[in-house]
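Chain by chain, the residues run as shown.
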Amino acid sequence: DSENNPHFAYVVNEDLKYGFYNGVSWSTRTLDTYGATIDDTSIAVDPAGRAHMSYHYFSDPSDSGLRYARVDSSTFSISTIYFDSTNSGVGVESSLALDSYSRPHLVYSDGRYSYFNGSGWVTETPNSLYEDPFMRLGSDDQPRVVSNLGFLSLGWLMYSQKNNSVWSGTYV
């Protein structure tokens, strides 16, 4: 946050928790008690001090996916970004970044990229994103992603970026 205080997301007994230090004391809150396995959290804090989190949830083979949570000082909201009724693993290994308007951008397994455009979520499936993605946004609010092609037993990385509406990627 703007005071350099730590914020973190974690899981206890399959519940999503959020913790932060306000400069004087530590606070924790339970955000999601869906009754599912929750894992693979990613967190970012915007300039107003609001925490944004993405995480994978798994209830049963027909109920899993990716969720997004935003925490204000006294309230929070949760949205399902991707619902996976086939338990294909979509939504694990997410990486979250905030643009200059504090809008969330997410990359996650199965090569998907989702972002909030101010009125709703948009999802793209570029052909240059792979497993274990890590994303940062450039000064132009466009995503820059490193992902792993290790599942192909190649041990290579792919660097991908979006310029306007066009994705491109190169092996590293």
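This text gives an overview of the structure that appears in the document. Keep in mind that what you see is a predicted model, and the values were worked out from it rather than measured.

Next up on the list: the overall build of the protein. Check the secondary structure of the protein and you find zero helices and 15 strands. For 172 residues, the compact-globule formula gives about 16 Å, and the C-alpha radius of gyration of the protein, at 16 Å, lands near that figure. Expressed along its principal axes, the backbone C-alpha trace of the protein runs to roughly 45 × 40 × 30 Å. Counting across all 172 residues of the protein, residues that qualify as buried make up 41%. Pairs at least 24 apart in sequence give 30% of the contacts found in the protein among residues at least 6 apart. Entry remark: accessible area of the protein is about 8700 Å², with carbon and sulfur atoms responsible for 47%. Measuring between centres, the 10 positive side-chain charges of the protein sit 7 Å from its 20 negative side-chain charges.

Strand order in the open sheet formed by four strands is β4-β5-β6-β7, and the pairing between neighbours is antiparallel. Here the strands that pair on one side only, and so sit at the sheet edges, are β4 (37-45) and β7 (76-84). Each strand of the sheet is rotated relative to its neighbour by a mean of 20°, with strand direction disregarded. Bridge analysis of strand β5 (residues 51-60) against strand β6 (residues 63-71) gives nine bridges, and the strand direction is antiparallel. Paired with serine 54 across the two strands is tyrosine 68, which belongs to β6.

Our focus in this paragraph is the sheet that holds strand β3 (residues 26-32). The three strands lie next to each other as β1-β2-β3, forming an open sheet whose pairing is antiparallel. Two strands bound the open sheet, and with one partner strand each, they are β1 (7-12) and β3. Neighbour-to-neighbour, the strand axes of this sheet turn through a mean angle of 25°, independent of strand direction. Relative to strand β2 (residues 15-21), β1 runs antiparallel, the two sharing six bridges. Within β2, the position partnered with histidine 7 by the bridge is phenylalanine 20.

For asparagine 13, which is not glycine, the phi dihedral falls at a positive 50°. At aspartate 132, a residue that is not glycine, the phi angle is positive and equals roughly 50°. Checked against the element boundaries, aspartate 132 lands in strand β12 (residues 131-137).

Next up on the list: the pairing of β2. The turn linking β1 back onto β2 is made up of two residues, and asparagine 13 within it adopts a positive phi angle of 50°. The sheet contact formed by β2 and β3 spans six bridges and is antiparallel. Along β3, the bridge assignment pairs leucine 16 with aspartate 32. Counting the residues between successive antiparallel strands, the hairpin from β2 to β3 contains four residues, one of them, glycine 23, with a positive phi of roughly 100°.

This part covers the packing of aromatic side chains. Applying the stated criterion to the full structure yields nine aromatic pairs. Residues tyrosine 21 and tryptophan 26 carry aromatic rings whose centres are separated by 5.0 Å and whose planes lie at 50° to one another, so their mutual orientation is tilted. By relative accessible area, tyrosine 21 is classed as partly exposed at 23%. Since its relative accessible area comes to 53%, tryptophan 26 is described here as exposed. Following the ring pairs from residue to residue traces out a cluster consisting of Phe8, Tyr10, Tyr21 and Trp26.

Another aspect to go through is the nonpolar core. Core analysis: the largest hydrophobic core is formed by eleven residues, namely Ala9, Leu16, Tyr18, Leu31, Ile38, Ala51, Met53, Tyr55, Tyr57, Ala69 and Val71. Breaking this core down by element, the ones donating at least two residues are β2, β5 and β6. The element best represented in this core is β5, accounting for four residues.

A word on a nonpolar patch on the surface. A cluster of nonpolar side chains, contributed by Phe134, Val146, Leu157 and Val172, occupies part of the molecular surface with about 350 Å² of accessible area. With respect to the secondary-structure elements, valine 146 resides in strand β13 (residues 143-148).

Calculation notes
- Residues numbered from 1 in each chain as written.
- Predicted model: local features only at pLDDT ≥ 70, side-chain atom pairs only at ≥ 80, totals over all residues.
- Heavy atoms only, no water.
- Helix = DSSP H or I, 4+ residues; strand = E, 2+ residues; numbered from the N terminus.
- Rg over C-alpha atoms; globule rule 2.2 N^0.38 Å.
- Buried < 20%, exposed > 50% of the residue type's maximum accessible area, 1.4 Å probe, protein only.
- Contact = heavy atoms within 4.5 Å.
- Areas by Shrake-Rupley, 256 points an atom, 1.4 Å probe, with all protein chains shown as cover.
- Lys, Arg positive; Asp, Glu negative; His and termini not counted.
- Charge placed at Lys NZ, Arg CZ, Asp CG, Glu CD.
- Pairing = 2+ DSSP bridges.
- Axes fitted to C-alpha atoms, helices over the stretch in contact; angles between N-to-C directions.
- Phe/Tyr/Trp six-rings, centres within 6.5 Å; stacked < 30°, edge-to-face > 60°.
- Core = buried A, V, L, I, M, F, W, Y, C linked by side-chain atoms within 4.5 Å.
- Patch = residues over 30% accessible without salt bridge, like charges linked within 9 Å, V, L, I, M, F, W, Y side chains within 5 Å.
- Salt bridge = Lys/Arg side-chain N within 4 Å of Asp/Glu carboxyl O.

Geometric values such as these leave the question of function open.
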